[in-house]
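Below, each chain spelled out in residue letters.
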Amino acid sequence: MSKAARYLKTAWLSRQFELARPLLPAGTALALWLGGKKLAESDAAGADLSDACPGALSFALTLDGEVVGALLLLPPAGGEAQCRRAGDFLAHGLQGMLDAEHARRAIAQEALEGYREMALLQRAALELNDSLKPAAVAEALLKEFDDRKMGADYGAVYQFEAEGKAQLMRCFGAGADDAFDRFADSEFFAGIAADAAKAGADIVNDLSSLPTVPEFGSLLWRPLDAHGKNLGLLVLALQRRGGFTAGDMKRAQTLGSMAAASLHNAQLYAAEQKLFQSFVDVIAAAIDAKSRYTSGHCQRVPKIAMLLAEAAHRDEGRFAQFRLDEEERKAIEIAAKLHDCGKVVTPEWIVDKATKLDGIFNRIGLVALRFELLRRDALMERDRRLAGGGDSASAVRDYRARLRKLDEDFAFLEKCNQGAESVSAAHVDRIREIAARNWCDSNGRAFPLLSEDEVYNLMVQRGTLNPEERKIIEDHAAHTIAALKQIAFPRALRNVTEYAGGHHEHMDGTGYPWGLTRERLSIPTRIIAIADIFEALTAPDRPYRKPNTLNSAIGIMHRMKLNQHIDGELFDLLLSSGVYADYAREHLADSQIDDVDIGRYLGQ
Amino acid sequence: MKTIAIVDDEVHIRALLEQTLEDLDDAPEILTAVNGAEGLALIERERPSLVFLDVMMPLMNGYEVCAAVRKNPDLAGTTIVMLTAKGQESDRARGHEAGAHHFVTKPFDPDEILELARKVLAAS
Ligand SMILES: [Fe+2]
Ligand SMILES: [Fe+2]
């Protein structure tokens, strides 16, 4: 049925026939056919009326010069001349109405196309401009041509890389990946890609004789160019030949121009992101490079942090409320990479302080020299006594005893100098006793064997750092915060400073620099704190100890959990999710990996 | 045969909607009314499956027509789509209150109208 049948409304036609009735001889049967359908009739006689009826008068109705229907009149005997006149009049009116409707529809169609394009642009603009990633732009663009929208069988967006190489970004259709890869290798593609922007968009509705791929029967393409740059190519294909219309091309043109602008923005954004990320990586690497002992720390902490964050994201139990989106993932990763960036202002000799007497250099050498002086004193004393003719046996015996004592004392100090040694009260007494001894220079001036500063450092209870140095080290967290506060993070990354700055906080509030308790520390902050410790405990080498095995690292962390230093729930998750093992497999030496009975630690 | 009513005082909206809906398969009958009162009478008489109803109209506005239709149990099978002006989000709240099922902003997207009409007619 042609649309012409809809041009004339039945209600209007009935009225028209009613008005025509007095003009016709009584008994005239009347009917209107339009688009192969009978639209109106005068009465029962009219109902049976067709142009096959003998004696029927037919008045053709046309559209654009083509006959689309007819007004039929069957005059009663002798009424033919009157019927012809009235029929001409009636048909002229109907034809005029048809022509007017036809024109009105053409205008309305044009207006509707405008509506369509505007709606398309509005809707597509939301999606396309919302996409900050080139791949997302490609996806939003292709969505406008798939089954539901335009009905293309295949669609693809290629991106041109710097060297002009085309990279397939996104595609749809049965076996599309493969088909578009082959298409990209075809001569035909090389032809349209070579100067895509200048050559413009086009349709080839019969690909049978062209060297493309057998899946494609018709092809439509539209270059994606913006600011004079050839960014990519939109390709649509149908399996059948002769499938694409001018309307399809218009759609591709409209959306293509918008997509190209969005693609350009997305590519700029991606480049900015890459730039920023590389800065972050350079800073992390620089901090790592600062100490030979902690190398790789700032690269490995993010690995653990992200594994643990993803585990929390998947968790349906304790962390059911914790969900990550892409921006939050980025925030956590950047925070983990930069968590120690405050160490740029920490003097290296403190970061690397391997022994208690390390300063700019290890002062144990000075102490060793002084002991050597005392040994010489002892030797000279013996020789003086031997020369003086005294009891030579006792002189030698005394000398040996003095030497042994010196060796023992020095060995004791050397041991105390190591950070792994815990220093007891008895040790402190012995250090003081040794310090109180004197050595003399060649002018006979006496000096204490150990300076006050040396005694102070040797008395350090735990590790190698004295309280002042520990403070300087701890200041790095505050420096991290101060540094990150200077960075103009975008909204999505506004929590980076908190996540990074809180990595030495303890759950019971005894950490630094804020001294916040667990409930005031965000989950990402707690995650980075745990990652920091897990990395440090499992790192291959540290100044004053051999690397821990996995089991002993986790044992130490379990004590930290019991002491409310680290978050117990995250510690449990580290174990129950298997993240500890995943990380160990990737980053620890085989010799460090032993069996961990996680049941011993979980939940308690 | 299914029936669709268009109730809008603007002639060009009626014409454009009508033409859009003519693209539907099965050629449902499309009736029009030029104001709220005429629209309500048309709906009560013809019981269309689907009504496109303008908000701002003389004699009776779209909310009133909608509320009257919803109050009539005989018209429970009539789906009402309100045509709201762009940016008038408050219209939607009032339309919901009056019992409208769907909303389309003017200028409308012809494809959206067609999709909606197909869905409603298939379900009715
Ligand atoms: Fe730190
Ligand atoms: Fe750290």
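Please read all numbers here as calculations on a predicted model, not as lab measurements.

Remarks on the nonpolar core
Residue and element names in this part refer to chain A.
Stage number 1. Phe534, Ile554 and Met557 are the most contacted members of the largest nonpolar core, which has 52 residues in total.
Stage number 2. Listing elements by their share of this core, those giving two or more residues are helix H8 (246-290), helix H9 (297-314), helix H10 (326-338), helix H17 (496-501), helix H18 (523-538), helix H19 (550-562), helix H20 (568-576) and helix H21 (579-587).
Stage number 3. Residue contributions to this core peak at nine residues, all from H9.
Stage number 4. In this structure, isoleucine 554 is in contact with Phe534, Phe571, Leu575, Tyr580, Val596 and Tyr601, ignoring residues within four places of it in sequence.
Stage number 5. Ala125, Ala140, Phe244 and Ala266 belong to the second-largest nonpolar core, a separate cluster that totals 31 residues.

Examining the confidence of the model for chain B
Low pLDDT means the predicted coordinates in that region are not meant to be read closely.
Stage number 1. Residue-level pLDDT values for chain B average 86, and 97% of them are 70 or greater.
Stage number 2. Per the prediction output, this complex has pTM 0.62; the corresponding ipTM is 0.81.

Notes on the coordination of the iron ion (ligand 1)
Residues and elements named next belong to chain A.
Stage number 1. Every protein donor of the iron ion (ligand 1) is accounted for by Asp340 (OD), His476 (NE2), His503 (NE2) and His504 (NE2), and the metal-donor separations fall at 2.1 to 2.2 Å.
Stage number 2. Sequence positions of the donors to the iron ion (ligand 1) reduce to the motif D-x135-H-x26-H-H.
Stage number 3. A separation of 3.3 Å is found between the iron ion (ligand 1) and the iron ion (ligand 2), which share aspartate 340 as a coordinating residue. Here the two residues histidine 503 and histidine 504 agree in accessibility, since each one is buried.

Looking at the coordination of the iron ion (ligand 2)
Residues and elements named next belong to chain A.
Stage number 1. In this structure, His297 (NE2), His339 (NE2), Asp340 (OD) and Asp532 (OD) serve as the protein donors to the iron ion (ligand 2), at separations of 2.1 to 2.2 Å.
Stage number 2. Coordination geometry of the iron ion (ligand 2): the four donor atoms subtend angles of 78 to 171° at the metal centre, consistent with an arrangement described as irregular.
Stage number 3. Expressed as a motif, the donor residue spacing for the iron ion (ligand 2) is H-x41-H-D-x191-D.

Side note on the sheet that holds strand E5 (residues 102-106) of chain B
Residue and element names in this part refer to chain B.
Stage number 1. Reading across the sheet, the five strands line up as E2-E1-E3-E4-E5 and stay open at both edges, with parallel pairing between neighbours. Taken across any chain shown, the strands that pair with only one partner, and hence form the sheet edges, are strand E2 (29-33) and E5. On average, each strand axis in the sheet is tilted by 20° relative to the strand beside it, whichever way the strands run.
Stage number 2. Of the strand pairs in this sheet, strand E3 (residues 50-54) and strand E4 (residues 79-85) are connected by five bridges, and their pairing is parallel. By the bridge assignment for E4, leucine 53 is matched with methionine 82.
Stage number 3. Packing of helix H3 (residues 62-71) onto the sheet brings it into contact with E3 and E4, and relative to E4 it is tilted by some 170°.

Parameters at a glance
- Residues numbered from 1 in each chain as written.
- Chains lettered and ligands numbered in written order.
- Predicted model: local features only at pLDDT ≥ 70, side-chain atom pairs only at ≥ 80, totals over all residues.
- Heavy atoms only, no water.
- Core = buried A, V, L, I, M, F, W, Y, C linked by side-chain atoms within 4.5 Å.
- Buried < 20%, exposed > 50% of the residue type's maximum accessible area, 1.4 Å probe, protein only.
- Helix = DSSP H or I, 4+ residues; strand = E, 2+ residues; numbered from the N terminus.
- Contact = heavy atoms within 4.5 Å.
- pLDDT = per-residue confidence, 0-100.
- Donors = N, O, S within 2.8 Å, 3.2 Å for Na, K, Ca; no water.
- Tetrahedral: all angles 85-135°; square planar, octahedral: opposite > 155°, others 65-115°.
- Pairing = 2+ DSSP bridges.
- Axes fitted to C-alpha atoms, helices over the stretch in contact; angles between N-to-C directions.

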